[in-house]
2 protein chains.
Amino acid sequence: MPGTRRLPTRDQLAAWRAFIETTELLRSRIGGRLHDETGLSPGDYSVMLALSEQPEMRSSDLAAHIGWERSRLSHHLGRMERRGLISREDCATDNRGSQVRLTPRGREAFEAATVPHLRAIRELFVDALTPEQIGAAAEIAGALRTRLKA
Amino acid sequence: MPGTRRLPTRDQLAAWRAFIETTELLRSRIGGRLHDETGLSPGDYSVMLALSEQPEMRSSDLAAHIGWERSRLSHHLGRMERRGLISREDCATDNRGSQVRLTPRGREAFEAATVPHLRAIRELFVDALTPEQIGAAAEIAGALRTRLKA
DNA sequence: CTCCCATAGTTGACGTGTCCATCATAGCGA
DNA sequence: TCGCTATGATGGACACGTCAACTATGGGAG
């Protein structure tokens, strides 16, 4: 059947839909619990996780570290700064740059969020799967990422 | 170690991160290709897929069918209406309700989008995985969904 | 030293998603 | 019929993401 050749089969499509819809639901549930229990969004958590390991970073380095576009990070840091979670100050060695750091309040919020977040991951991801399935999930992620890089 | 008991292990956490980050990247790549090649967003596609199977639907039924909140659908339909993809009109049997339908232009856009979208799914998902991995992905989705429903 | 381009970062516009408030109608029980 | 509650749908406020434009500084080629 020309024109439909090489399109996914019914089963493949069903697997695709189940996979993509469920991962989306999982993401939103984990994010929702994080937000409800700690007041932090997943984006906040990523930023703060990086800053907790390296307390002072250039904005671009931070963006690269967490895999975000600079613009996205700039918008997000603006919101986090308004909430008093991080601060930005001029960079001594490059007048274009800015250093980002956690405020004491930010560090406190991050530390309070760690255990609830890990617990949500355990409950909704780890505990939902067998050890074999967790391994398979990691392998699937690897295979998909390889394809996405090509 | 009280307080950290039952938190994910290092390996489990690595699997979680790989899984969630890769599925997010996959989603955005498929969505990006859909948008670039057809001008439709994934949200547009979901709405139009439902309407292509049942040409006239109540807004609430449509929302339930695709698993969206009514408010989200209302906002999205507003944007789609501005672009001439769908139309809304009063419902004859319930004065509160509205009927949603594809415009001719909407139907045309949807039909033009189907093959490119399926092709993207094949290239970035189906072709990235072995048949066993596709089966495992479906099973993982099922297991996660079962847990999410509880 | 000057010019040119690359880089750091911000901003505006806009699509998207959630939460919550609002409003009108439907539908039921007294 | 009257009034109460549930439901259908919309709207505003705000967070989040992307894209493209813009500002300003850095740094090398000549």
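How each quantity is defined
Residues numbered from 1 in each chain as written. Chains lettered and ligands numbered in written order. Predicted model: local features only at pLDDT ≥ 70, side-chain atom pairs only at ≥ 80, totals over all residues. Heavy atoms only, no water. Least-squares fit on C-alpha atoms with pLDDT ≥ 70 in both. Contact = heavy atoms within 4.5 Å. Helix = DSSP H or I, 4+ residues; strand = E, 2+ residues; numbered from the N terminus. Buried area = accessible area lost by both parts, 1.4 Å probe. Salt bridge = Lys/Arg side-chain N within 4 Å of Asp/Glu carboxyl O. Near = heavy atom within 4 Å. Polar contact = N/O pair within 3.5 Å; in protein donor to acceptor, adjacent residues only side chain to side chain. Nonpolar A, V, L, I, M, F, W, Y, C, P; charged D, E, K, R; others polar.

**Q** I tried to follow the relation of the copies chain B and chain A on my own but got confused; where do I start?
**A** Each of the two chain copies goes to the other by way of a rotation about an axis and a shift along it. In screw terms, the move from chain B to chain A is a rotation of 180° and a rise of 0.0 Å along the axis, fitting with an RMSD of 0.0 Å. Both chain copies can therefore be described as sitting about a two-fold axis. An overlap of 100% is found between the interface residues of chain B and their copies at the interface of chain A, pointing to a shared contact surface.

**Q** Sorry, what's going on with the environment of Ile 66 of chain B here?
**A** Residue and element names in this part refer to chain B. Note on placement: Ile 66 falls in helix H3 (residues 59-66). Once the C-alpha coordinates of Ile 66 and Ile 121 are considered, the two residues, 55 residues apart in sequence, prove to be 19 Å apart. Setting aside its immediate chain neighbours within four residues, Ile 66 contacts Ser 46, Val 47, Ala 50 and Leu 73.

**Q** Hey, could you run me through the interface of chain B and chain A in this one?
**A** Reports often express the size of an interface as the amount of accessible area lost when the parts come together. Facing the 47 residues of chain B at the interface are 47 residues of chain A. Across the chain B to chain A interface the summed buried area is about 4,800 Å²; carbon plus sulfur atoms make up 73%. When residues of chain B are sorted by the area they lose upon contact with chain A, Trp 16, Arg 147 and Leu 148 of chain B head the list and together hold 15% of the total. One can count 4 salt bridges joining chain B with chain A. Measuring nitrogen to oxygen at the nearest pair gives 3.4 Å for the salt bridge that ties Arg 27 of chain A to Glu 24 of chain B.

**Q** I would appreciate a short explanation of the protein's contact with DNA strand D in the present structure.
**A** The environment of DNA strand D is made up of 22 residues, and the closest members are Ser 71 and Arg 79 of chain A together with Ser 60, His 75 and Ser 98 of chain B. Put simply, 62% of the atoms of DNA strand D that lie within 4 Å of the protein are in sugar or phosphate. A distance of 2.6 Å separates a base nitrogen of DNA strand D from a polar side-chain atom of Ser 71 of chain A. One of the backbone N or O atoms of Ser 60 of chain B is found 2.5 Å from a phosphate oxygen in DNA strand D. Looking at the surface near DNA strand D, the elements that each hand over two or more residues are helix H4 (70-82) of chain A together with H3 and helix H4 (70-82) of chain B. Looking at the surface near DNA strand D residue by residue, the class counts come to no nonpolar, 12 polar and 10 charged.

**Q** Could you clarify how one ought to interpret the protein's contact with DNA strand C in this entry?
**A** Of all residues adjacent to DNA strand C, which total 22 residues, the nearest are Ser 60, His 75 and Arg 96 of chain A together with Ser 71 and Arg 79 of chain B. Backbone atoms, meaning sugar plus phosphate, form 61% of the atoms of DNA strand C positioned within 4 Å of the protein. Within the side chain of Arg 72 of chain B, an N or O atom sits 3.1 Å from a phosphate oxygen of DNA strand C. Interatomic distance of 3.1 Å between a backbone N/O atom of Asn 95 of chain B and a phosphate oxygen of DNA strand C. Looking at the surface near DNA strand C, the elements that each hand over two or more residues are helix H3 (59-66) and H4 of chain A together with H4 of chain B. At 6 residues, H4 of chain B tops the list of elements feeding residues into the surface near DNA strand C. Here the surface near DNA strand C is composed, by residue class, of no nonpolar, 12 polar and 10 charged.

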